[in-house]
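Below, each chain spelled out in residue letters.
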Amino acid sequence: MRVRRWATSYAMLAPALALFGVFVLYPLVGAVRISLTNSTGIGQAKFVGLANYTAMASDPTFWQAAGNTALLAVVSVPVSLGLGLGIALLLRDRIPGGGLFRAVFLAPYVISGVVVAMAGRWIFDQNVGIVDRVLAGTGLPQPDWQSDGTAAAVSVVLVLLWARTGLAVILYLSALQGIDGDVLEAAELDGASAWQRLKGVVWPLLRPTTFFLTVMLVIETFQVFDIVWVMTKGGPAGSTELLVTYAYNQGFAARREGYGSAIGVVVFVVVLAATAVWWRVQRASEDEL
Amino acid sequence: MSRVEGATRPRDRLAVQHSRRSARGSSRGTRRGRYVVLVVLSLLWLFPLYWMVVTAVSPRDDLASGRIGLLPTTLHAGGFTRALTQFPVLQWAQNSFAIAVVAVALTVVVDVTAGYVLAKHRFPGRSVVFLLIVATLMIPVQVLLVPQFDLVNSLGWINSYWAVIVPRSAEAFGVFLARQYFLSLPDELLEAAQLDGAGQLRTLWSVVLPLSRPLIAVLLVMTFMYRWNEFAWPLVALRDPALYTLPVGLSFLQSQYTTDYPALMAGALVSVLPVLVLFGIAQRQFVAGIARSGLK
């Protein structure tokens, strides 16, 4: 009887198990296998052991891409969280037009990364773009968004923030609206200032949301592809190269499938490990409460 | 005043909380200041989209000479006609639409069934299956591209819609969302159905599904959005330009046609409109669905 019930469960899971097994887990094993070869996609690939992984250690472009990816996470995730929380606080009370504001901030999140990048490219065009024209009009220096590495990186970060801060706004807004008004009122009666209430009452209550958002945004940051691919192709001179664009460049453009796959595997392991550690820390600190 | 109101009937409680909240600590002046900040921020947020529209309806010469201003001087259809006649933008849109609709149907069925079983059935291996599925969220698409391409190639699907539809129907976020939703359904309800003699599938179909409209709405919108916007995999899986989806076609257009911004922006708008319309219609469900996944 019990075994039959278990069989029903697995039968109902069969479509999902088949799809995930065949099209995700099997290719993942395949990627690990390819990463141990010198495959070029043409002819017989040779097993090279961990050579692709050791090659990364002395590849300056890999380290540049890794540094850019880490920097992007360190910069864009906290800014997205802060900006998102700030906007959510402004929208918290049911104000006239609240739904409209919410839609405005979420709109860039629902449109495709390719379109987001195309808009970014046009706005930050160093010859005819609106940003440089506005800067010129106010007498400020006009960065060469396409040929200067730092400026290119800044433009990518700004476009990325535009594209996904809406997610933080929505999640924080729902969390804020779920907070019991009595708790805040009690704090206020105790004489807590607005800032103290935010720091001492609201922020701790938002912790599950912050945790979820951080994980989501970090995972997304490690996988940002279309925005960079269309805006800068990783250039100029690798200054906006990320691990996933580099993996794609190596695996497809340079036809070094083994090396490209090895980079992808590293990204997967790092994200998985970071999430696991973050998860444990979160659980541990929840137990303290 | 709020003290007195706080004691009124429970169904007024929500409204009271809100009036209490806005009464508290926000004088008329700070509320106006808050509005100003919101308006400025949202204008900033909308600007790139607005600028795309202005660019799309401007003559090409205006852009090079910097004559394009905040308001278009003339309404010029050249961008749209060039995008639609010189490139198969409508064909790409049709491809995207066909792929998205079939993929959504498949994905929603898989997500709902798997999410339901993972939330409500007890069986050995349940948490392993769930963890494996969630872990796939962390696999960068790029690491799978080569082996997925080989697999799809050996199935003979390259240059067909199936190449894009089937491999992406394993959508971990949707399974996760569905599971979270079903966790909140009371077990008693399902047990009652079983006692009445309903089988597993029948319980899912006639008891659970009617209670799952919000979930299904969210899954429909989110999956459509993902499929419609997807880039890296269709870029690899589709070789024939006539089969490109809109994002792949647009990136191709962008690289071929670097200076014709009116045509580029016109093409981009064609691709943005359906998701914005869908999102406008289903905004409430979409927001509720995202929020549910982040709040546990």
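Residues numbered from 1 in each chain as written. Chains lettered and ligands numbered in written order. Predicted model: local features only at pLDDT ≥ 70, side-chain atom pairs only at ≥ 80, totals over all residues. Heavy atoms only, no water.

Thoughts on the interface of chain A and chain B
Counting from both sides, the interface comprises 94 residues of chain A and, opposite them, 100 residues of chain B. In this structure, the connection of chain A to chain B is made through 1 salt bridge. Close ionic contact of A:D93 with B:R34 constitutes a salt bridge, the shortest N to O distance being 3.0 Å. With 21 residues, the top contributor of residues to the side of chain A that touches chain B is helix α1 (residues 2-35) of chain A. When the residues that make up the side of chain A that touches chain B are grouped by side-chain class, the tally is 65 nonpolar, 15 polar and 14 charged. (Contact = heavy atoms within 4.5 Å. Salt bridge = Lys/Arg side-chain N within 4 Å of Asp/Glu carboxyl O. Helix = DSSP H or I, 4+ residues; strand = E, 2+ residues; numbered from the N terminus. Nonpolar A, V, L, I, M, F, W, Y, C, P; charged D, E, K, R; others polar.)

Overview of the packing of helix α6 (residues 89-120) of chain B against helix α10 (residues 172-183) of chain B
Residue and element names in this part refer to chain B. Relative to each other, α6 and α10 sit at 50°, their axes nearing to 7 Å. What the angle tells us is that α6 and α10 run oblique. The way α6 lies across α10 gives a crossing that is right-handed. In this structure, α6 contributes D111, V112, A114, G115, Y116, L118, A119 and K120 to the contact, and α10 contributes G174, V175, A178, R179, F182 and L183. Considered class by class, the residues forming the contact of α6 with α10 number 9 nonpolar, 2 polar and 3 charged. (Axes fitted to C-alpha atoms, helices over the stretch in contact; angles between N-to-C directions. Parallel < 35°, antiparallel > 145°, perpendicular 65-115°, else oblique. Left-handed = near helix turned anticlockwise from the far one by under 90°.)

Some thoughts on the nonpolar core
Ranked by size, the top nonpolar core spans 191 residues in total, and within it A:L91, A:F105, A:I111, B:F182 and B:F286 carry the most contacts. Those residues in contact with A:I111 that lie beyond four places of it in its chain are A:V116, A:W162, B:L49, B:N229, B:V272, B:V275 and B:L276. (Core = buried A, V, L, I, M, F, W, Y, C linked by side-chain atoms within 4.5 Å. Buried < 20%, exposed > 50% of the residue type's maximum accessible area, 1.4 Å probe, protein only.)

Quick word on the UniProt feature "domain: ABC transmembrane type-1" (unreviewed entry) in chain B
Mapped onto the present numbering, the UniProt feature "domain: ABC transmembrane type-1" (unreviewed entry) falls at residues 93-282 of chain B. The span residues 93-282 of chain B is 75% helical and 0% strand by assignment, and the distance between its end C-alpha atoms comes to 21 Å. (UniProt positions renumbered as here; feature names shortened; annotations may be inferred.)

Structural notes on the side chain of B:E230
All names here are of chain B. Looking at where E230 falls in the secondary structure, it is placed in the loop between α13 (213-229) and α14 (232-237). With relative accessibility at 12%, the residue E230 sits in the buried group. A distance of 2.7 Å separates polar atoms of two side chains, one belonging to E230 and the other to R168. (Polar contact = N/O pair within 3.5 Å; in protein donor to acceptor, adjacent residues only side chain to side chain.)

A closer look at helix α7 (residues 149-177) of chain A
For α7(A), which comprises 29 residues, the first-to-last C-alpha distance of 42 Å matches the rise-based estimate of 42 Å (1.5 Å per residue) to within 8%. Within α7(A), 24 of the 29 residues are buried, leaving the element largely enclosed by the surrounding structure. (Expected span 1.5 Å × (residues − 1).)

Considering the UniProt feature "transmembrane region" (unreviewed entry) in chain A
Residue and element names in this part refer to chain A. On the UniProt side, "transmembrane region" (unreviewed entry) is annotated at positions that read residues 7-29, 70-91, 103-124, 151-173, 205-225 and 259-279 here. Secondary structure over residues 103-124 splits into 86% helix and 0% strand, and the C-alpha atoms at its two ends are 24 Å apart. Segment residues 151-173 splits into 100% helix and 0% strand. End C-alpha atoms: 32 Å apart.

A closer look at the UniProt feature "transmembrane region" (unreviewed entry) in chain B
As recorded in UniProt, the sites labelled "transmembrane region" (unreviewed entry) are residues 35-53, 97-119, 128-149, 161-182, 203-226 and 261-282 of chain B. With 100% helix and 0% strand, residues 97-119 of chain B has end C-alpha atoms that lie 32 Å from one another.

Digging into α13(B)
Each α-helix winds once per 3.6 residues, and so residues spaced three or four apart point in a common direction. An ideal rise of 1.5 Å per residue puts 24 Å on 17 residues; α13(B) measures up with 24 Å between its terminal C-alpha atoms. When α13(B) is considered as a whole, its buried residues turn out to be B:L215, B:V218, B:L219, B:V221, B:M222, B:T223, B:F224, B:M225, B:R227, B:W228 and B:N229.

Description of the UniProt feature "domain: ABC transmembrane type-1" (unreviewed entry) in chain A
Feature annotation in UniProt places "domain: ABC transmembrane type-1" (unreviewed entry) on residues 66-278 of chain A, given in this structure's numbering. Overall, residues 66-278 of chain A shows 77% helix and 0% strand. The separation of its end C-alpha atoms is 20 Å.

Re the packing of aromatic side chains
For the coordinates displayed, the defined rule picks out 27 aromatic pairs over all chains. An angle of 65° between the planes, with centres 5.4 Å apart, marks the rings of A:F105 and B:W45 as edge-to-face. Residue A:F105 is located in helix α4 (residues 98-110), and its partner B:W45 is located in helix α3 (residues 28-56); the two belong to separate chains. For B:W45, a relative accessible area of 6% corresponds to the buried category. Ring geometry for B:Y116 versus B:F182: centroids 5.7 Å apart, planes at 85°, classification edge-to-face. Of this pair, B:Y116 sits in helix α6 while B:F182 sits in helix α10; the two residues are 66 residues apart in sequence, bridging distant segments of the chain. We classify B:Y116 as buried; its relative accessible area is 2%. Judged by its relative accessible area of 0%, B:F182 falls in the buried class. Three or more aromatic residues link up through ring pairs in this structure, and these residues are A:F225, A:W229, A:Y248, A:F252 and B:F231. Sitting above the plane of the A:W229 ring, A:K233 keeps its charged end 4.9 Å from the centroid. We note B:R179 situated over the ring of B:F130; from NZ or CZ to the ring centre the distance is 3.9 Å. (Phe/Tyr/Trp six-rings, centres within 6.5 Å; stacked < 30°, edge-to-face > 60°. Lys NZ or Arg CZ within 6 Å of the ring centre and 35° of its normal.)

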